[in-house]
There are 2 protein chains.
Amino acid sequence: MAAKQKSRPTYAEIAKLAGVSEATVSRVLNGDPKVDSDRVAAVNKAVDQLGYQKNRAAAALASGRTGLIAVVIDDDLSVFQDPFWGAITNGISKVLMENEMQTLLLVAPLDNIDSPVAQYLQRGEVDGAIFLQLHKDTLINRLAKQNLPLVVNGTPHTNNPFAYVDSDNAGGAFAAVRHLVDSGRKVIAKITGDLSNTAAEQRLEGFLAAANEFGLKTPKSLIAQGDWSREAGYNHAKKLLAKHPTLDAIFCSNDVMALGAVTAIQEAGRSVPGDVAVVGFDDSYLAQNSHPGLTSVRQDIAGLGAEAAKMILAKLRGEEVHSEILPCELVLRETA
Amino acid sequence: MAAKQKSRPTYAEIAKLAGVSEATVSRVLNGDPKVDSDRVAAVNKAVDQLGYQKNRAAAALASGRTGLIAVVIDDDLSVFQDPFWGAITNGISKVLMENEMQTLLLVAPLDNIDSPVAQYLQRGEVDGAIFLQLHKDTLINRLAKQNLPLVVNGTPHTNNPFAYVDSDNAGGAFAAVRHLVDSGRKVIAKITGDLSNTAAEQRLEGFLAAANEFGLKTPKSLIAQGDWSREAGYNHAKKLLAKHPTLDAIFCSNDVMALGAVTAIQEAGRSVPGDVAVVGFDDSYLAQNSHPGLTSVRQDIAGLGAEAAKMILAKLRGEEVHSEILPCELVLRETA
DNA sequence: TTGTACGCGTTATCAT
DNA sequence: ATGATAACGCGTACAA
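Residues numbered from 1 in each chain as written. Chains lettered and ligands numbered in written order. Predicted model: local features only at pLDDT ≥ 70, side-chain atom pairs only at ≥ 80, totals over all residues. Heavy atoms only, no water.

Novice: How would you explain the relation of the copies chain B and chain A if you had to name every residue and give the values?
Specialist: A rotation about an axis combined with a shift along that same axis relates the two copies of the chain. You can overlay chain B on chain A at an RMSD of 0.1 Å; the transform is a turn of 180 degrees with a shift of 0.0 Å along its axis. The symmetry that links the two subunits is that of a two-fold axis. (Least-squares fit on C-alpha atoms with pLDDT ≥ 70 in both.)

Novice: Can you break down helix H11 (residues 230-243) of chain A residue by residue, with the values?
Specialist: Compared with an ideal rise of 1.5 Å per residue, which puts 14 residues at 20 Å, H11 of chain A spans 20 Å between its outermost C-alpha atoms and is within 8% of the ideal. Of the positions making up H11 of chain A, those classed as buried are Arg230, Ala232, Gly233, Tyr234, His236, Ala237, Leu240 and Leu241 of chain A. (Helix = DSSP H or I, 4+ residues; strand = E, 2+ residues; numbered from the N terminus. Expected span 1.5 Å × (residues − 1). Buried < 20%, exposed > 50% of the residue type's maximum accessible area, 1.4 Å probe, protein only.)

Novice: Please provide a residue-by-residue account of the interface of chain B and chain A, values included.
Specialist: Contact residues are listed per partner, giving 59 residues for chain B and 57 residues for chain A. Taking both sides of the interface into account, the surface hidden between chain B and chain A amounts to around 5300 Å²; carbon and sulfur atoms contribute 54%. Where chain B meets chain A, there are two salt bridges. Between arginine 56 of chain A and glutamate 125 of chain B there is a salt bridge, with its nearest N and O atoms 3.5 Å apart. (Contact = heavy atoms within 4.5 Å. Buried area = accessible area lost by both parts, 1.4 Å probe. Salt bridge = Lys/Arg side-chain N within 4 Å of Asp/Glu carboxyl O.)

Novice: Residue-level account of the protein's contact with DNA strand D, with values.
Specialist: In the region of DNA strand D, 27 residues are neighbours, and Tyr11 and Tyr52 of chain A together with Thr24, Arg27 and Asp36 of chain B sit closest. Each atom of DNA strand D within 4 Å of the protein was assigned to sugar, phosphate or base; sugar and phosphate come to 70%. Within the backbone of aspartate 36 of chain B, an N or O atom sits 2.6 Å from a phosphate oxygen of DNA strand D. One of the side-chain nitrogen or oxygen atoms of arginine 39 of chain B is found 2.8 Å away from a phosphate oxygen of DNA strand D. Listing elements by their share of the surface near DNA strand D, those giving two or more residues are helix H2 (22-29) and helix H4 (56-63) of chain A together with helix H2 (22-29) and helix H4 (56-63) of chain B. Across the surface near DNA strand D, the residue classes break down as 13 nonpolar, seven polar and seven charged. (Near = heavy atom within 4 Å. Polar contact = N/O pair within 3.5 Å; in protein donor to acceptor, adjacent residues only side chain to side chain. Nonpolar A, V, L, I, M, F, W, Y, C, P; charged D, E, K, R; others polar.)

Novice: Tell me about the side chain of threonine 198 of chain B, residues and numbers included.
Specialist: Residues and elements named next belong to chain B. In this structure, threonine 198 sits in helix H10 (residues 198-213). A polar atom in the side chain of threonine 198 sits 2.8 Å from the backbone oxygen of threonine 155. With residues near it in sequence (within four places) discarded, threonine 198 still touches Thr155, Pro156 and His157.

Novice: So what's going on with the state of the cysteines? Which residues, and what values?
Specialist: Residues and elements named next belong to chain B. According to the stated counting rule, one finds zero disulfides over all chains in the structure shown. With no disulfide of its own, cysteine 252 has cysteine 328 as its nearest cysteine by sulfur position, at a separation of 16 Å. Judged by relative accessible area, which is 0%, cysteine 252 ranks as buried. (Disulfide = S-S within 2.5 Å.)

Novice: So what about the packing of aromatic side chains? Which residues, and what values?
Specialist: Under the defined criterion, the tally for this structure stands at eight aromatic pairs over all chains. On the basis of an interplanar angle of 35 degrees and a centroid distance of 6.4 Å, the ring pair of phenylalanine 251 of chain A and phenylalanine 281 of chain A is categorised as tilted. Of this pair, phenylalanine 251 of chain A sits in strand S8 (residues 249-252) while phenylalanine 281 of chain A sits in strand S9 (residues 277-282), placing them 30 residues apart in sequence. Of the two residues, phenylalanine 251 of chain A and phenylalanine 281 of chain A, neither departs from the other in class, the shared state being buried. Taken together, a centroid distance of 4.8 Å and an interplanar angle of 85 degrees make the contact between phenylalanine 84 of chain B and tryptophan 85 of chain B edge-to-face. Judged by its relative accessible area of 14%, phenylalanine 84 of chain B falls in the buried class. (Phe/Tyr/Trp six-rings, centres within 6.5 Å; stacked < 30°, edge-to-face > 60°.)

Novice: Now, about the sheet that holds S8 of chain A: what can you tell me, with residues and values included?
Specialist: All names here are of chain A. Sheet architecture is open: six strands sit in the order S7-S6-S8-S9-S10-S12, paired in mixed fashion. Each edge of the open sheet is held by one strand with a lone partner, namely strand S7 (223-225) and strand S12 (329-331). Neighbour-to-neighbour, the strand axes of this sheet turn through a mean angle of 20 degrees, independent of strand direction. Pairing of strand S10 (residues 295-298) with S12, which is carried by three bridges, proceeds in the antiparallel orientation. In the sheet register, serine 296 faces S12, and the bridge partner there is valine 331. (Pairing = 2+ DSSP bridges. Axes fitted to C-alpha atoms, helices over the stretch in contact; angles between N-to-C directions.)

Novice: Pulling in residues and values, what's your account of the protein's contact with DNA strand C?
Specialist: DNA strand C sits among 28 residues. The nearest are Thr24, Arg27 and Asp36 of chain A together with Tyr11 and Tyr52 of chain B. Counting only atoms of DNA strand C within 4 Å of the protein, the fraction found in sugar and phosphate groups is 73%. Serine 21 of chain A has a polar side-chain atom sitting 3.1 Å from a phosphate oxygen of DNA strand C. Among the secondary structure elements, those contributing two or more residues to the surface near DNA strand C are H2 and H4 of chain A together with H2 and H4 of chain B.

Novice: Account for the nonpolar core, naming residues and giving values.
Specialist: Grouped together as the largest cluster of nonpolar side chains are 58 residues, with contacts concentrated most on Ile88, Leu96 and Ile130 of chain A together with Leu96, Ile130 and Leu132 of chain B. Leu222 and Tyr234 of chain A together with Ala258 and Val272 of chain B belong to the second largest nonpolar core, which has 54 residues in total. (Core = buried A, V, L, I, M, F, W, Y, C linked by side-chain atoms within 4.5 Å.)

Novice: Pulling in residues and values, what's your account of the domain arrangement of chain A?
Specialist: Residues and elements named next belong to chain A. The assigned domain composition of chain A is domain 1 (68-167 + 301-327) and domain 2 (169-299). The gap between the C-alpha centroids of domain 1 and domain 2 is 30 Å. Taken residue by residue, the interface counts eight residues in domain 1 and five residues in domain 2. When domain 1 packs against domain 2, the two sides together hide about 630 Å² of surface, and 39% of this comes from carbon and sulfur. Sorting the residues of domain 1 by area buried against domain 2 places Thr155, Ser167 and Ile301 first, and these three jointly supply 58% of that buried surface. (Domains from an automatic or database assignment.)

Novice: Residues and numbers for the environment of threonine 24 of chain B, please.
Specialist: Structurally, threonine 24 of chain B can be placed in helix H2. With relative accessibility at 10%, the residue threonine 24 of chain B sits in the buried group.

Novice: How would you summarise the pattern of salt bridges if you had to cite specific residues and measurements?
Specialist: By the definition in use, this model includes 14 salt bridges over all chains. Measuring nitrogen to oxygen at the nearest pair gives 2.7 Å for the salt bridge that ties arginine 317 of chain B to glutamate 319 of chain B. On the basis of relative accessible area, glutamate 319 of chain B is assigned to the partly exposed category, the value being 40%. In this structure, a network of salt bridges that share partners links the residues Arg56 of chain A together with Arg123 and Glu125 of chain B.

Novice: Please set out the pairing of strand S8 (residues 249-252) of chain B residue by residue, giving values where relevant.
Specialist: Residue and element names in this part refer to chain B. Neither face of S8 is exposed, since Ala249 and Phe251 on one face and Ile250 and Cys252 on the opposite face are all buried. Where strand S6 (residues 188-192) lies against S8, four bridges are found, and the strand directions are parallel. Each bridged residue has a counterpart across the sheet, and for lysine 190 the counterpart in S8 is phenylalanine 251. Where S8 meets strand S9 (residues 277-282), three bridges bridge the pair, whose relative direction is parallel. In the sheet register, alanine 249 faces S9, and the bridge partner there is alanine 277. In the classification by handedness, the crossover that spans S8, the intervening helix H12 (residues 255-267) and the parallel S9 is right-handed. (Right-handed = clockwise from strand over helix to strand, strands pointing away.)

Novice: Explain the packing of helix H9 (residues 169-182) of chain A against helix H10 (residues 198-213) of chain A to me, and be specific about the residues and the numbers.
Specialist: Residues and elements named next belong to chain A. Where H9 contacts H10, the two axes come as close as 7 Å, and the packing angle between them is 40 degrees. Considering the angle they form, H9 stands oblique to H10. Two packed elements cross with a definite hand, and for H9 against H10 that hand is right-handed. For the pair H9 and H10, the contacting residues are Asn169, Ala170, Ala173, Phe174 and Val177 in the first and Ala199, Gln202, Arg203, Gly206, Phe207, Ala209, Ala210, Ala211 and Glu213 in the second. A class-by-class count of the residues in the contact of H9 with H10 yields nine nonpolar, three polar and two charged. (Parallel < 35°, antiparallel > 145°, perpendicular 65-115°, else oblique. Left-handed = near helix turned anticlockwise from the far one by under 90°.)

Novice: Give a description of the sheet that holds strand S7 (residues 223-225) of chain B that names residues and reports values.
Specialist: Residues and elements named next belong to chain B. What the six strands build is an open sheet, ordered S7-S6-S8-S9-S10-S12; its pairing is mixed. Each end of this open sheet is capped by a strand with a single partner; those strands are S7 and strand S12 (329-331). The average undirected angle you get between the axes of adjacent strands in this sheet is 20 degrees. Sheet strands touched by helix H9 (residues 169-182): S6, S8, S9, strand S10 (295-298) and S12. Its angle to S9, the strand with the most contacts, is close to 165 degrees. H10 rests against S6, S7, S8 and S9 of the sheet, and its axis sits at about 165 degrees to S6.

Here it is, written out as structure tokens:
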């Protein structure tokens, strides 16, 4: 009963002012097409006049819909550092707001299927959920069974019927290699991300596909398994340079490793891109602000968010939803 | 009436099973201290047995409290790039969740006082709001008048009674200069951020205070007004080097400009830190992954978020709330 | 097409 | 300390 402010108008007052029933007010405000146009006008006028604004809690209670979509982020250290989450959440939020839905942020460890977040999602406090950065599919498996509409960002690990949205990681990697080949590089190494991650896997696949397509040799010794860290890029590049004197390009699965590789190359007394070209992935802040400027594969992160939001809205409307793969774009700078 | 899942238990069933009234159930579930301990136990047992979970919409309708705190981010390009927002929002979210509150994300331009977000906040759909990155104080002025509990991240522009949380920008800048002086630097230049921003202002103030304290000369020509961009850092550093042959240190108000300065110094044929030391601000991803590693002033970003959340919770409890200034820490790497 | 009447699940007031 | 019971504001069968 803690009325926050002076109490606001309700259907009763609108109905009275417009000379209709409360039911009609409800119909007009929810866009029911079969209401006489003059009554619609009357209601809208009354709404304006009174400065009416709907009480969402009451609507939620009556309808069972909350108007809220959860954005669930699997909490680990990267959340603190990686601008990816901000960008994608921003994309989601924009689309949701345009559709009068709001974004509820849930940041928590998702390893436990009975975690508070899991409970929350099963409690019907949101109309749907968008998952970012999934380590395991167990939780969404369970939620899907409970008919919670959900969309996943990133390709799921298992072959599930989840609708997901992802960047064309393989295609981006392919484009990077093509560019290297086109500019005359012959011996191209790859430093992968953590391969338990589907994106890392796909970026490697794209590399291998391109190598095959363009007739490059890809002995195992040219493919180093990294873990996204600067150190991995630095150390692997160092070893690659030592083992392969003719190496003239390194493609890394993210920008951080690529910058580590650049440092290693320079410390080895070779130039970038003169002797060795380097391409990263993500076109992050790092790529844009490094020196020399890092050539990198750009993901449409805001686009990923927007698509995810559109998909969940479609699901709420009961439409069939198909997964989406958004194209990547190679951004040329100085390193390749 | 769209029951999402099989309908969940309500007070009625708990009351029946526990042999008490619904009112008592409510009291127990809301922690009313004056309920007999055996009844409390009975209710809790029934709750467990039925797997009861509170319907927040109903609670919100009846109580006027939503359990939601809005995190409002003034939308502009930086949201896409800067990891700051993710980190602080994460800090906020954690504390709120521990207190059974949820984080509602609102990303939108706040220039218009009648924007959708402004409307939303005035609609009572959240119990309070935390503002990040404020360009103007007009909106919060209005909301404060409407008694919406709010906390601001960053020092407001005007002298208002808003509770805010901020980093000790001046103190951080002071520490940076002290370090430079301690390591023998004599001629220290400053490249500021956009001075319409209070953080930029404070970082300059700290610089000037330290210069004064340590007896440095700070002619106007040693203070360049930047705008946070890499180009600003690069161009200003270039000019500073030309004008001041004895220049042996540059303190920049963020990491991006600092990296631009490093490039300019190196291109001028001088070494970092041998000839010229460079210190940045933020200890961002950039500072950690640059080469040479950038010495920088670290803000406790997650701490800012956590404090902001604690402050808003205290406000909701009706407590007096005081603004908080969190200390910064100088992180030494290679450039200084 | 429109109105009546009730239900949604809690909270809070008022007696007791 | 506890129990009835009236709000809370909206959505929606059902009837007309």
